[in-house]
Amino acid sequence: QKAYETFQLIPLEGGPSISDSDLAWAYDSSAQSLAKMEKWGPALESYKQAQELYKKLKAVHMMAHVYEEISLCYSNLENGVEAEAYANLALDIAVTAEDDYHLMWSKARKALAHKILGNYDEALDLFAQAKSALVHTDSVDWKSVLELENHVLDIYIMRGRPDLALELKRRIGTIRSE
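Residues numbered from 1 in each chain as written. Predicted model: local features only at pLDDT ≥ 70, side-chain atom pairs only at ≥ 80, totals over all residues. Heavy atoms only, no water.

Asker: Where do I start with helix 4 (residues 60-76) in this structure?
Answerer: Along an α-helix, residues three or four apart share an orientation, since each turn contains 3.6 residues. Compared with an ideal rise of 1.5 Å per residue, which puts 17 residues at 24 Å, helix 4 spans 25 Å between its outermost C-alpha atoms and is within 8% of the ideal. In terms of burial, helix 4 is largely enclosed, as 13 of its 17 residues are buried. (Helix = DSSP H or I, 4+ residues; strand = E, 2+ residues; numbered from the N terminus. Expected span 1.5 Å × (residues − 1). Buried < 20%, exposed > 50% of the residue type's maximum accessible area, 1.4 Å probe, protein only.)

Asker: Honestly, the packing of aromatic side chains in this entry has me stumped. Any pointers?
Answerer: Geometry of an aromatic ring pair is reported as the spacing of the ring centres plus the angle between the planes. Evaluated as defined, the whole model comprises 2 aromatic pairs. An angle of 45 degrees between the planes, with centres 5.9 Å apart, marks the rings of Tyr67 and Tyr86 as tilted. You can see Tyr67 sitting in helix 4 and its partner Tyr86 sitting in helix 5 (residues 80-96), a full 19 residues away along the chain. Tyr67 sits in the buried class, given a relative accessible area of 5%. With relative accessibility at 13%, the residue Tyr86 sits in the buried group. Between Tyr74 and Tyr86, the ring centres sit 5.8 Å apart and the planes meet at 25 degrees, which makes this aromatic pair stacked. With Tyr74 in helix 4 and Tyr86 in helix 5, this pair connects stretches of sequence that are 12 residues apart. Residue Tyr74 shares its accessibility class with Tyr86, and that shared class is buried. Grouped by ring-pair contacts, the aromatic residues Tyr67, Tyr74 and Tyr86 constitute a single cluster. (Phe/Tyr/Trp six-rings, centres within 6.5 Å; stacked < 30°, edge-to-face > 60°.)

Right, here's the structure in full:
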């Protein structure tokens, strides 16, 4: 909450002398704080303000980041259509820029959108691609790996595949206990 309040003051106190880059960073940071508090609607609005500024600045990698986060906000608001649209924008940038990091996250965001839309086969494929990229990084973010695996587990349960769900749950438990 304190971080959000601090970032909200920057656009107000910076006046006309604040640069578009600093303002975009403030909106982005504010949105991240809101997302951590799971205030998805306000986070979405702040990310969209950052998006417009990053677009104006032609900050391609930051645009990919913000599109991914907008997709995540829409997913958490249960709007799979918009979540997929923004994941696709992030994916377009990542593919064109040959940006493996954003490619991994845009696939994870698109997978989440497909899960919400009930496109489970596509979601499973994209979750697998994102997880594979994530575990092959220099510093594996195991919390994120387990989060992706939990989405796969949810799909197995929704599809009535207790055998696959139990096996995945066992593997997740092994990693958590290490």
